[in-house]
Amino acid sequence: MTKTLMSIATWAILGWLAGLWLGAATGWGVFSVGLLIMVLVSGVQLSQISRWVKNINAPPPPSVGPWDEILAPIYRTLKRYRSDQARLHDTLGSVMAAVEALPDGTVLLNADMELVWCNQTASNHLGLNTLTDRHHNIINIFRVPEFARYVRQEEWPSPLLIHTHYNGNTRALLINMTRYGPEDFLLVTRDVTQIEKLETMRRDFIANVSHELRTPLTVLAGFLETLDETPADAVSDEQRAHYLNLMREQANRMQAIISDLLTLSTLESQPQGDGEPLNMTDIIRASLDQARALSAGRHEFKTDIDANLHITGMANELTSAISNLINNAVHYTPPPGTITVEWKRKPDGTALFAVTDTGIGVATKDIPRLTERFYRVDHSRSRATGGTGLGLAITRHVALRHDGELKVDSRLGAGSRFSIVFPARRIVAGLPDASDA
Ligand code: ADP
């Protein structure tokens, strides 16, 4: 403004001097020409400015006379705004990346419960499509009646647990809704399928343990009550011995269950280690001796044992797994059956322990469940042999802790083969005292 006034004043003085010297008309002429030049220069400058406005990210034109004073602060503010915007963009980018990386689903909804934005996890959980579902009511996209009722609530003091189906599986979703602005809502979804499964397993396990212990305890309490209520002279020594024998049996059963439970819990809680080089022949032979005693000559035993094959491992764990498999063969093979125990190196370099019997076998549908805790195909048969229903669960655990795998091949009525394959890297060479079984 000052520059413009000064230019006008300069032309006015020039016009006045010219008027003094060459007459008033010339003076007015000079002044008018001056103003015309000023208007023309201004026009050129304005067209430069209008070109710059179209490309506002470029620096303003270098010299536009009086406009310099106006353009410079505008350009400075623009530059600051642009760098603020870039910083904001970066922050927003990293916040969005963090929300995307969340294991939980996040959905933003507007006042009409329409989808504004959601992360990938939420779109997996609720089957949302960020491109086509935007600005559609969430209730119409994820059509589950209890979800619709939950979203329509005024307040959401507790989360909602729902079960959805996808690819033939059921998924448990925990949904939590909150208001985060006057008209903005946040929906968080969490997949709790695994947690729910573990919780069910824990509940089932406690129910099973209680059930398993309740039966022998009830029997034991019954006998104690009988003995307590019957006068001493009314019970013969023979009867008393019989009762005591039955009570001992029940106590032994409880002891066996508790001992197997403790073994399982130790296996689960102890860190897996490599163990030490073991003389496997000795371990197998000791288990075979026990099994022969259990069979009392009612079965034929065959062995195919490589006395020079040894692995690293935990002796007590492997002893328990091996005797469990051989004892099971005795329990579930009606005499006169054959039990074959193999311990050898396979052509692929792995080590195989296998027990094959000609016993009652297992139906194909039951095979996958054999390693479940307390699962028995025939409860009374297992009970009659003093079984706890935990042996194969322990054996499977031991196999896994030795990087091996428990395999079951069986045919109902024809016999079974239980085997554990240990990886080649567990095999050790040359142990002293190895001899043929
Ligand atoms: P249990 O103490 O009942 O023997 P296990 O966990 O060792 O428990 O075995 C689970 C179930 O698997 C047994 O109850 C039995 O039904 C079946 N089973 C195990 N070994 C054999 C086998 N060699 N032949 C047939 N069935 C078997």
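Residues numbered from 1 in each chain as written. Predicted model: local features only at pLDDT ≥ 70, side-chain atom pairs only at ≥ 80, totals over all residues. Heavy atoms only, no water.

1. Thoughts on the overall build of the protein chain
Helix and strand content of the protein chain: 12 helices and 13 strands. Computed over C-alpha atoms, the radius of gyration of the protein chain comes to 44 Å, more than 25% over the 22 Å expected from 2.2 N^0.38 for 437 residues, which places it beyond the range of a compact globule. Taking the principal axes of the C-alpha coordinates as reference, the protein chain spans close to 155 × 60 × 35 Å. Every one of the 437 residues in the protein chain was classed for burial, and the buried ones make up 37%. When contacts within the protein chain are restricted to residue pairs at least 6 apart in sequence, long-range pairs at least 24 apart make up 58% of them. For the protein chain, the accessible surface area stands at approximately 25,800 Å², while carbon and sulfur atoms represent 58% of it. Counting 42 positive and 47 negative side-chain charges, the protein chain places the centres of these two groups 8 Å from one another. (Helix = DSSP H or I, 4+ residues; strand = E, 2+ residues; numbered from the N terminus. Rg over C-alpha atoms; globule rule 2.2 N^0.38 Å. Buried < 20%, exposed > 50% of the residue type's maximum accessible area, 1.4 Å probe, protein only. Contact = heavy atoms within 4.5 Å. Areas by Shrake-Rupley, 256 points an atom, 1.4 Å probe, with all protein chains shown as cover. Lys, Arg positive; Asp, Glu negative; His and termini not counted. Charge placed at Lys NZ, Arg CZ, Asp CG, Glu CD.)

2. A few points about the domain arrangement of the protein chain
By domain assignment, the protein chain separates into domain 1 (2-95), domain 2 (102-191), domain 3 (199-268) and domain 4 (273-436). When each unit is reduced to the centre of its C-alpha atoms, the spacing between domain 2 and domain 4 is 51 Å. (Domains from an automatic or database assignment.)

3. Notes on the pairing of strand β9 (residues 338-345)
In terms of strand pairing, strand β7 (residues 300-305) meets β9 through six bridges, oriented parallel. Bridged to Ile305 within β9 is Trp343. (Pairing = 2+ DSSP bridges.)

4. Regarding the nonpolar core
If you look at the biggest cluster of nonpolar residues, it comprises 51 residues, and the most contacted ones within it are Ile284, Ile311, Leu325, Ile326, Trp343, Phe353 and Phe422. Counting only domains with at least three residues in this core, you end up with domain 3 (199-268) and domain 4 (273-436). Ignoring sequence-local partners within four residues, the contact set of Leu325 consists of Phe353, Val355, Leu392, Thr395, Leu406, Phe418 and Ile420. Membership of the second largest hydrophobic core comes to 25 residues, among which are Met113, Cys118, Phe142 and Ile162. (Core = buried A, V, L, I, M, F, W, Y, C linked by side-chain atoms within 4.5 Å.)

5. A closer look at the sheet that holds strand β13 (residues 427-428)
For sheets, the rule is that strands pair by backbone hydrogen bonds, running either parallel or antiparallel. If you trace the three strands from one edge of the open sheet to the other, you get β6-β8-β13, paired in antiparallel fashion. Both outer strands of the open sheet, β6 (276-278) and β13, are each paired with one neighbouring strand and no more. Of the strand pairs in this sheet, strand β8 (residues 310-313) and β13 are connected by two bridges, and their pairing is antiparallel. Paired with His310 across the strands is Val428, a residue of β13.

6. Topic: the side chain of Gln250
Residue position: Gln250 is located in helix α8 (residues 237-269). For Gln250, a relative accessible area of 13% gives the class buried. Look past the residues within four positions of Gln250 in its chain and what remains in contact with it is Pro216, Val219 and Leu220.

7. A few points about the sheet that holds strand β4 (residues 169-181)
Spatially, the five strands line up as an open sheet ordered β2-β1-β5-β4-β3, and their pairing is antiparallel. Either end of the sheet is taken by a strand with one partner, and the two such strands are β2 (115-118) and β3 (160-166). On average, each strand axis in the sheet is tilted by 30° relative to the strand beside it, whichever way the strands run. When β3 meets β4, the two strands line up antiparallel, connected through seven bridges. Bridge pairing links Thr164 to Arg171 in β4. Of the strands in this sheet, β3, β4 and β5 (184-191) are in contact with helix α7 (residues 193-229), which crosses β4 at around 120°. (Axes fitted to C-alpha atoms, helices over the stretch in contact; angles between N-to-C directions.)

8. Points about the site of the ligand
Within the structure, the ligand sits among 21 residues, and Asn328, Tyr332, Ser382, Thr388 and Leu392 are positioned closest to it. The separation between a nitrogen atom of the ligand and a polar side-chain atom of Asp357 is 2.9 Å. At 2.6 Å from an oxygen atom of the ligand is found a side-chain nitrogen or oxygen belonging to Ser382. Summarising the interface, the protein chains cover 97% of the accessible area of the ligand, which totals 530 Å² for the free molecule. Given that more than half its atoms are within 2 Å of the pocket grid, the ligand belongs to the largest pocket. (Near = heavy atom within 4 Å. Polar contact = N/O pair within 3.5 Å; in protein donor to acceptor, adjacent residues only side chain to side chain. 1 Å grid on protein atoms, 1.4 Å probe; cavity = no way out; pocket = protein on both sides within 12 Å on 5 of 7 lines; lining within 4 Å. Sits in = over half its atoms within 2 Å of the grid points.)

9. Focus: the packing of helix α10 (residues 315-331) against helix α12 (residues 391-401)
When two helices pack together, their arrangement is given by the angle between the helix axes and the distance between those axes. The interhelical angle for the contact between α10 and α12, taken along N-to-C directions, is 135°, at an axis separation of 9 Å. When the interaxial angle is binned, α10 and α12 end up oblique. For α10 against α12, the interelement crossing comes out left-handed. Where α10 abuts α12, its residues Glu317, Leu318, Ser320, Ala321, Asn324, Leu325 and Asn328 lie against Gly391, Leu392, Ile394, Thr395, Val398 and Arg401. Of the residues assigned to the contact of α10 with α12, the class counts are six nonpolar, five polar and two charged. (Parallel < 35°, antiparallel > 145°, perpendicular 65-115°, else oblique. Left-handed = near helix turned anticlockwise from the far one by under 90°. Nonpolar A, V, L, I, M, F, W, Y, C, P; charged D, E, K, R; others polar.)

10. Notes on the environment of Ser410
The topology assignment puts Ser410 in strand β11 (residues 405-411). The exposure class of Ser410 is buried, given its relative accessible area of 13%. In this structure, the C-alpha to C-alpha distance between Ser410 and Asp366, residues 44 residues apart in sequence, is 9.9 Å. If we ignore the near neighbours within four places in the chain, the residues touching Ser410 are Gly361, Val362, Ile367, Gly415 and Ser416. A polar side-chain atom of Ser410 sits 2.8 Å from the main-chain amide nitrogen of Val362. Within polar-contact distance, the side chain of Ser410 engages the side chain of Ser416 at 2.8 Å.

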